[in-house]
Amino acid sequence: MDIIEKIKKLKEKKNAVILAHYYVEPKVQEIADYIGDSFYLSKIAVGLQEQTIVFCGVSFMGESAKILNPQKTVLMPDMSADCAMAHMADVETIRKMRDTYEDLAVVCYINSTAELKQHSDVCVTSANAVKIVKALPNKNIFFIPDKNLAHYVAEQVPEKHFVFNKGFCPVHENMCLEEVLKAKEEHPEAEVLTHPECPEAICKISDYIGSTSGIIRYAGTSEKKEFIICTESGVRFQLEKENPDKKFYFTKTEPVCRDMKLVTLEKIAHVLETGENEVHVTEELRIESEKALSKMLELAK
Ligand code: SF4
């Protein structure tokens, strides 16, 4: 029996569903029941019929799925797959900011640990951050952990006062402006589509800025035939699948999230078979961090 057949059988036997982020390996995306970015996956995780969720992504995603679905079993194919940015803020600074600013809303990008969510007022994703910050009654916003997304949102919501944190996604932060400019030179007809986790200098020369799903949607509806994509290169699989007549270019140094690539078909089969790598969140942490996630889902409706 090949590995795909094995996964299908195990899925049925264990009443399981497979969720995969756009940045995991194409082979994994191919066998997933649902593929998407953090926002889509966190929404879809709520209300699934299956008892077991296999989350093909990094740890904060599995954690969020468990927080929103405490009665379900959430399995991670690789427990060591983590997001560096998820840890780039601290509770002490949050407390300090709350003491400094009256009327402060702590807005937490979903790419963060449950502990950071627990101390935040609302979660956001790159797809809904602008909408949610606009909807908040608070004037002062402490946006954690990503400084680049924070600056992007601050520009769209000038009526609010932002306090910036120093976190960043190493994959997007290390994208090189010169390489994007070189790609533009080589493909003058191409539009530049950029994730807001990229540095401001790259956002400034972009034709479109949006979440991974936003980028996929834009490329599909644009009349243009060529695109320079400034985000993690795993998204190429979906872009090419949905748009076989279009061309997609990445920077010379391809942006790759090594943690997302830790998920393999063999590891998926293994956790389905053994039930290993189950995500556990203490009840106290779950209840506290669920508030910020649920508020996001409510405000994003
Ligand atoms: S691409 Fe960046 S934000 Fe996404 S999981 Fe990897 S390190 Fe985290």
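Since the model is a prediction, treat every value here as computed from it, not as a measurement.

Caption draft 1: Structural view of the pairing of strand 7 (residues 140–144). Burial of strand 7 is extensive: 5 of the 5 residues sit out of reach of the surface. Of the two faces of strand 7, the one holding Asn140, Phe142 and Ile144 and the one holding Ile141 and Phe143 are both buried throughout. Pairing of strand 5 (residues 104–109) with strand 7 involves 5 bridges; the strand directions are parallel. The partner of valine 107 across the bridge, within strand 7, is phenylalanine 143. One crossover worth recording links strand 7 to the parallel strand 8 (residues 161–164) by way of helix 8 (residues 147–156), and it is right-handed.

Caption draft 2: Region of the structure containing the packing of aromatic side chains. This model, assessed by the stated rule, comprises 3 aromatic pairs. Seen in terms of ring centroids, phenylalanine 162 and phenylalanine 164 are 6.0 Å apart; in terms of plane orientation they differ by 20°. Their pairing is stacked. Overall, phenylalanine 162 belongs to the buried group, its relative accessible area being 8%. Residue classification places phenylalanine 164 among the partly exposed residues on the basis of a relative accessible area of 34%. Between tyrosine 208 and tyrosine 218, the ring centres sit 4.6 Å apart and the planes meet at 25°, which makes this aromatic pair stacked.

Caption draft 3: Seen up close, the packing of helix 4 (residues 59–68) against helix 15 (residues 283–299). At a minimum axis distance of 9 Å, the contact between helix 4 and helix 15 shows a crossing angle of 95°. Judged by the inter-axis angle, helix 4 sits roughly perpendicular to helix 15. Along the contact surface, helix 4 presents Ser64, Lys66, Ile67 and Leu68, while helix 15 presents Arg286, Ser289, Glu290, Leu293, Ser294 and Leu297. When grouped by side-chain class, the residues that make up the contact of helix 4 with helix 15 number 4 nonpolar, 3 polar and 3 charged.

Caption draft 4: Focus on the site of the ligand. The ligand sits among Tyr23, Val58, Cys83, Met85, Asn111, Cys169, Val171, Glu197, Cys257 and Met260. Partitioning the shell around the ligand into residue classes produces 8 nonpolar, 1 polar and 1 charged.

Caption draft 5: Region of the structure containing the pattern of salt bridges. This structure, assessed with the given rule, holds 13 salt bridges. In this structure, glutamate 5 engages lysine 9 in a salt bridge whose closest nitrogen and oxygen atoms are separated by 3.9 Å. With a gap of 4 residues between them, glutamate 5 and lysine 9 both fall in helix 1 (residues 3–14), about one helical turn apart. We classify glutamate 5 as partly exposed; its relative accessible area is 33%. Note that glutamate 200 and lysine 204 form a salt bridge whose closest N and O atoms lie 3.8 Å from each other. With glutamate 200 and lysine 204 both in helix 11 (residues 200–204) and 4 residues apart, this pair spans about one turn of that helix. On the basis of relative accessible area, lysine 204 is assigned to the exposed category, the value being 63%.

Caption draft 6: Structural view of helix 1. Relative to the 16 Å expected for 12 residues at 1.5 Å per residue, helix 1 spans 16 Å between its end C-alpha atoms, a close match to the ideal helical length. Those residues of helix 1 that sit buried are Ile7, Leu10 and Lys11. Buried residues along helix 1 cover an arc of 105° about the axis, so they all sit on one side. Facing away from the buried side of helix 1, by more than 90 degrees, are the exposed residues Glu12 and Lys13.

Cut-offs and rules
Residues numbered from 1 in each chain as written. Predicted model: local features only at pLDDT ≥ 70, side-chain atom pairs only at ≥ 80, totals over all residues. Heavy atoms only, no water. Buried < 20%, exposed > 50% of the residue type's maximum accessible area, 1.4 Å probe, protein only. Helix = DSSP H or I, 4+ residues; strand = E, 2+ residues; numbered from the N terminus. Pairing = 2+ DSSP bridges. Right-handed = clockwise from strand over helix to strand, strands pointing away. Phe/Tyr/Trp six-rings, centres within 6.5 Å; stacked < 30°, edge-to-face > 60°. Axes fitted to C-alpha atoms, helices over the stretch in contact; angles between N-to-C directions. Parallel < 35°, antiparallel > 145°, perpendicular 65-115°, else oblique. Contact = heavy atoms within 4.5 Å. Nonpolar A, V, L, I, M, F, W, Y, C, P; charged D, E, K, R; others polar. Near = heavy atom within 4 Å. Salt bridge = Lys/Arg side-chain N within 4 Å of Asp/Glu carboxyl O. Expected span 1.5 Å × (residues − 1). Arc of directions from axis to C-beta.

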